[in-house]
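# Structural characterization, general
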Amino acid sequence: MSLIIGDSSALIALATMNALPLLSQLYDTVLVPESVYQEVTQAEKAYSLGLSQYLINARCDLTISETSKLLWLGQGEWDAIQLYQQKQADILLIDDQRAKRFAALQGVKMIGSLGILLLAKQAGLIENIFPYIQRLQGSGIYLSPDIIHRVLELAKEV
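First things first, this report covers the structure right here in the doc. (Residues numbered from 1 in each chain as written. Predicted model: local features only at pLDDT ≥ 70, side-chain atom pairs only at ≥ 80, totals over all residues. Heavy atoms only, no water.)

### Here we look at the packing of helix 5 (residues 75-87) against helix 6 (residues 97-105)
To keep things clear, this is the line we draw: Every axis in this analysis is a line fitted to C-alpha atoms, fitted for helices over the stretch in contact. Angles between the N-to-C directions lie between 0 and 180 degrees. Elements are defined by DSSP. Helices are runs of H or I of four residues or more, strands are runs of E of two residues or more, and each kind is numbered from the N terminus. Convention used here: angles under 35 degrees read as roughly parallel, angles over 145 as roughly antiparallel, angles from 65 to 115 as roughly perpendicular, and any remaining angle as oblique. Definitions for this section: a left-handed crossing has its near helix turned counterclockwise from the far helix by less than a right angle. A right-handed crossing has that turn clockwise. Here, two residues are considered to be in contact whenever any of their heavy atoms come within 4.5 Å of each other. The classification used treats Ala, Val, Leu, Ile, Met, Phe, Trp, Tyr, Cys and Pro as nonpolar, Asp, Glu, Lys and Arg as charged, and all other residues, Gly among them, as polar.
Across the interface, helix 5 lies against helix 6 with an axial gap of 11 Å and an inter-helix angle of 30°. What the angle tells us is that helix 5 and helix 6 run roughly parallel. With respect to the hand of their crossing, helix 5 and helix 6 are arranged in right-handed fashion. Contacts between helix 5 and helix 6 involve Glu 77, Trp 78 and Ile 81 from the former and Ala 99, Phe 102 and Ala 103 from the latter. Here the residues of the contact of helix 5 with helix 6 sort into five nonpolar, no polar and one charged.

Dropping the structure here:
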């Protein structure tokens, strides 16, 4: 049984790329802390309706609810890392670089939204990653050209 804990930025990226269903195809259980659910389902946020429908049964309360004491780490990121540890999850879905650095110091195993696309391609769930990246770029979400090239290289699409 594989368990993935999701954070806001990566979930929004996957929703933007119409790739949320890949999570359920790659992992047995997808969970998000309540703070992440609240963040991604705010009415004014893009893709909030799709995310609220996809995550409705993925909401999970933390056993101990602490407030992030790190000013540069958002509450959702903090809670996602805490939930990962409490549930002894297999992996944390996270895109924010600062949060990734902190999570790495905590021994957290991570994957980003583009890593999900790579896994999906390796599993034969999608044929090409490039169309997904184009959707993400078209939304205004920034991806560094180096990261795009590296992912496409790993996917054998360059």
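Back to the write-up after that little detour.
### Section: the packing of aromatic side chains
Defined as follows: In this scheme Phe, Tyr and Trp rings, the latter by its six-membered ring, pair at centre separations within 6.5 Å, and the angle between planes marks the pair as stacked below 30 degrees, edge-to-face above 60, and tilted otherwise. We count a charge as sitting over a ring when the NZ of a lysine or the CZ of an arginine lies within 6 Å of the ring centre and within 35 degrees of the ring normal.
Here the structure, examined in full by the defined rule, presents one aromatic pair. Across from the ring centre of Tyr 132, 4.8 Å away, lies the NZ or CZ of Arg 135, which sits over that ring.

### Remarks on the packing of helix 8 (residues 130-138) against helix 9 (residues 145-154)
Two quantities define a packed helix pair, namely the angle between the helix axes and the distance between the axes. Two elements in contact, helix 8 and helix 9, have axes separated by 11 Å at closest approach and are oriented at 165°. Comparing the axis directions of helix 8 and helix 9 gives the class roughly antiparallel. The handedness of the crossing between helix 8 and helix 9 comes out as right-handed. Taking contact as the criterion, the partners of Phe 130, Ile 133 and Gln 137 in helix 8 are, on helix 9, Ile 148, Val 151 and Leu 152. Split into classes, the residues belonging to the contact of helix 8 with helix 9 amount to five nonpolar, one polar and no charged.

### Here we look at helix 1 (residues 8-16)
What counts here: Exposed residues in this analysis have more than 50% of their type's maximum accessible area, buried residues have under 20%, and partly exposed residues fall in between, with area computed by a 1.4 Å probe over protein chains only.
Buried residues dominate helix 1, accounting for eight of its nine residues. Along helix 1, the residues classified as buried are Ser 8, Ala 10, Leu 11, Ile 12, Ala 13, Leu 14, Ala 15 and Thr 16. With its phi angle positive at about 55°, Asn 18 sits one or two positions after the end of helix 1.

### Regarding the pairing of strand 1 (residues 3-6)
The line we're drawing: The pairing criterion for strands is at least two bridges between them, as found by DSSP.
Alternating positions in strand 1 separate into two faces, Leu 3 and Ile 5 on one and Ile 4 and Gly 6 on the other, with burial throughout. Two strands pair when backbone bridges link them, and strand 1 and strand 2 (residues 29-33) are joined in this way by three bridges, in the parallel orientation. What sits directly across from Leu 3, in strand 2, is Thr 29. Pairing between strand 1 and strand 4 (residues 91-93): three bridges, direction parallel. Looking across to strand 4, one finds that Ile 5 is bridged to Leu 92.

### What about the pattern of salt bridges?
Between side chains of opposite charge, pairing is possible as soon as their charged atoms come close. Cut-off, in case you're wondering: A side-chain nitrogen of Lys or Arg and a carboxyl oxygen of Asp or Glu constitute a salt bridge if their distance falls within 4 Å.
According to the stated counting rule, one finds three salt bridges in the structure shown. Note that Arg 59 and Glu 34 form a salt bridge whose closest N and O atoms lie 2.7 Å from each other. Taken together, the positions of Arg 59 in strand 3 (residues 59-60) and Glu 34 in helix 3 (residues 34-40) put the pair 25 residues apart, joining distant regions of the chain. The class for Arg 59 is partly exposed, based on a relative accessible area of 34%.

Distances and angles like these do not, on their own, reveal function.
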